[in-house]
Amino acid sequence: MRGKRPNWFGLACLAIWLAVAGAAPARADAGFVRWIQSFEDVAAKAGISRSVYRAAFSGITEPDPDVIQKAQYQPEFRDTIWDYLDNRVNEEQVAKGQAMRQRYGAWLDRIEKRFGVDRDILLAIWSMETNYGQTLQRSDVMKSLPRSLATLAYLDKSRAGFARQQLIAALKIAQEGDIKTNELISSWAGAMGHTQFIPTSYLTYKVDMDGDGHANIWESVPDALATAANLLHRNGWETGKTWGYEVLVPDRYKGKLERDNRTIAQWAALGFRRPNGKPFPCPSDRANLIRPAGDKGPAFLMTKNFFVIKNYNNADKYALAVGLLGDRIGGYGGLYVDWPRGYTPLTMAERYELQQHLASQGLYDGKIDGKIGSGSKAAIMALQGQAGLAQDGNASKALLNFLRKK
């Protein structure tokens, strides 16, 4: 325990272990170091060599406070549906996806043929997970996987079991040679590579698509996309079918039938229609009615593939964003019914401009990336408070126009 004073024998053992694992800085967390020391036996019983374990934790003596902070904020469960989607389904991400569609066209042909999963869905997942690989270059996002998972196991009771399981799996990956121990990097919760697989999922679904002997989702885009395709394929992806349809809800069913499951033909018989007037294909397929913003926003009939996407991230917002972004990458239009924001939203170019205005006034010191997250919202609310405006934190056209006049 962190608060207990170690006995002399424990101190001697700790000193010996640190001498092997790497010298500790003066402000090491003794409790955390003891946790790392004790977990070595657990890892050894799971088949991890002590040399691999000690190499993975060399020089690691303190938990990562950023990991705990990120664990407390997950946008899938906090952001409004329109904030979540505006940050992920926009003209910038569509353009990047279409460029990647062309660049990796030959590989996508092979992946689609082998796994039957729509290439645009795979590209949308790649965008959502790492911004087409760009996030992998960000030191503020990518972290030491052993340190991150050990931090969760040590400090986060709700995730401790998950973290211990994933840490063992990650060490197995390094031991098997798919990645070097000193290259085990991940997001805060241990998700790895271009398409952000947690270690146990990587071991289950990994694919060496480029044939070099390793399923290298950290450096090989074909391997990463094929591994994602394999996950969806093995969880029941239906080839050639969509994830869902935007629909117009008859007035008599407003506020009713939420998440009911019926065949497409039965929904059509109740008066549900596609906004573009086209008939529904596959009328015998079943679908659930989902209205993420209630009756004032768009409504969807979600087919099986929507729920297959949720095997990647079990949140409706995530699966909807993947579906909508995939459609846009594939050349389809946006939504017919807009979200009930209550304000006029900004384009991506205008979002960059808004952040630059906020930064120039000393209210925002985050990344100028067009994404309106908690930092941007706090800066907006500070500005609104100074100006005597309603502090709603919304990145609106009205707010940008106000800033342009200052």
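Cut-offs and rules
Residues numbered from 1 in each chain as written. Predicted model: local features only at pLDDT ≥ 70, side-chain atom pairs only at ≥ 80, totals over all residues. Heavy atoms only, no water. Core = buried A, V, L, I, M, F, W, Y, C linked by side-chain atoms within 4.5 Å. Buried < 20%, exposed > 50% of the residue type's maximum accessible area, 1.4 Å probe, protein only. Contact = heavy atoms within 4.5 Å. Helix = DSSP H or I, 4+ residues; strand = E, 2+ residues; numbered from the N terminus. Arc of directions from axis to C-beta. Pairing = 2+ DSSP bridges. Axes fitted to C-alpha atoms, helices over the stretch in contact; angles between N-to-C directions. Phe/Tyr/Trp six-rings, centres within 6.5 Å; stacked < 30°, edge-to-face > 60°. Lys NZ or Arg CZ within 6 Å of the ring centre and 35° of its normal. pLDDT = per-residue confidence, 0-100.

S.K.: What exactly am I supposed to notice about the nonpolar core here?
M.R.: One recurring pattern in soluble globular proteins: nonpolar side chains tend to sit buried together. Counting 87 residues, the largest nonpolar core has L85, L232, W243, Y318 and L320 as the members making the most contacts within it. Excluding residues within four positions of it along the chain, L232 makes contact with V117, I121, L122, I125, W237, V308 and I309. Counting 14 residues, the second largest nonpolar core, distinct from the first, contains Y253, L270, L289 and L301.

S.K.: What's the story with helix α8 (residues 105-115) in this structure? I'm lost.
M.R.: What sets the pattern is the α-helix's 3.6 residues per turn: residues three or four places apart point alike. Buried within α8 we find G105, L108, I111 and F115. All buried residues of α8 fall inside an arc of 120° around its axis, so they share one side. Facing away from the buried side of α8 by more than 90 degrees, the exposed set consists of A106, K113 and R114. Where α8 is buried, its residues touch α7 (91-103), α9 (119-130) and α13 (221-234). Downstream of α8 by one or two residues, G116 has phi in the positive range, about 75°.

S.K.: What exactly am I supposed to notice about the sheet that holds strand β5 (residues 286-290) here?
M.R.: Strand order in the open sheet formed by four strands is β3-β6-β5-β4, and the pairing between neighbours is antiparallel. Two strands lie at the open edges of the sheet, namely β3 (244-247) and β4 (261-263), each paired on one side alone. The average undirected angle you get between the axes of adjacent strands in this sheet is 35°. Note: β4 against β5, three bridges, orientation antiparallel. By the bridge assignment, T263 is partnered in β5 with R286.

S.K.: In this structure, what is going on with the packing of aromatic side chains? I would like to understand it.
M.R.: In this description, a pair of aromatic rings is defined by centroid distance and the angle of the planes. Scanning the model with the defined rule gives 14 aromatic pairs in all. Their ring planes at 55° and their centres at 5.3 Å tell us that F32 and Y154 sit as a pair that is tilted. You can see F32 sitting in helix α2 (residues 30-45) and its partner Y154 sitting in helix α10 (residues 145-155), a full 122 residues away along the chain. Consider the rings of Y53 and F57, whose centres lie 4.9 Å apart with planes at 40°: the pair is tilted. Note on accessibility: Y53 and F57 belong to one class, buried. In this structure an aromatic cluster arises from ring pairing among Y104, W126 and Y132. Over the face of the ring belonging to Y84 we find R88, whose NZ or CZ atom lies 3.9 Å from the ring centre. Here R262 stacks its cationic end above the ring of W267, 5.3 Å away from the centre of that ring.

S.K.: Even after reading the chapter, I still don't get unusual backbone geometry, so can you show me in this structure?
M.R.: Outside of glycine, negative phi angles account for most residues, and trans bonds account for most peptide bonds. For Y132, which is not a glycine, the phi torsion comes out positive at approximately 55°. The buried category is assigned to Y132, whose relative accessible area is 4%. With phi around 50°, C282 is a residue other than glycine that occupies positive phi space. On the accessibility criterion, C282 (32% relative accessible area) is partly exposed.

S.K.: Could you clarify how one ought to interpret the confidence of the model for the protein chain in this entry?
M.R.: One rule of thumb: low pLDDT means the predicted coordinates there are not for detailed reading. With 92% of its residues at a pLDDT of 70 or more, the protein chain has an overall mean of 92. Under a pLDDT of 50 for its full length, residues 1-26 has, in the predicted model, 33 contacts with residues more than four places off or in other chains.

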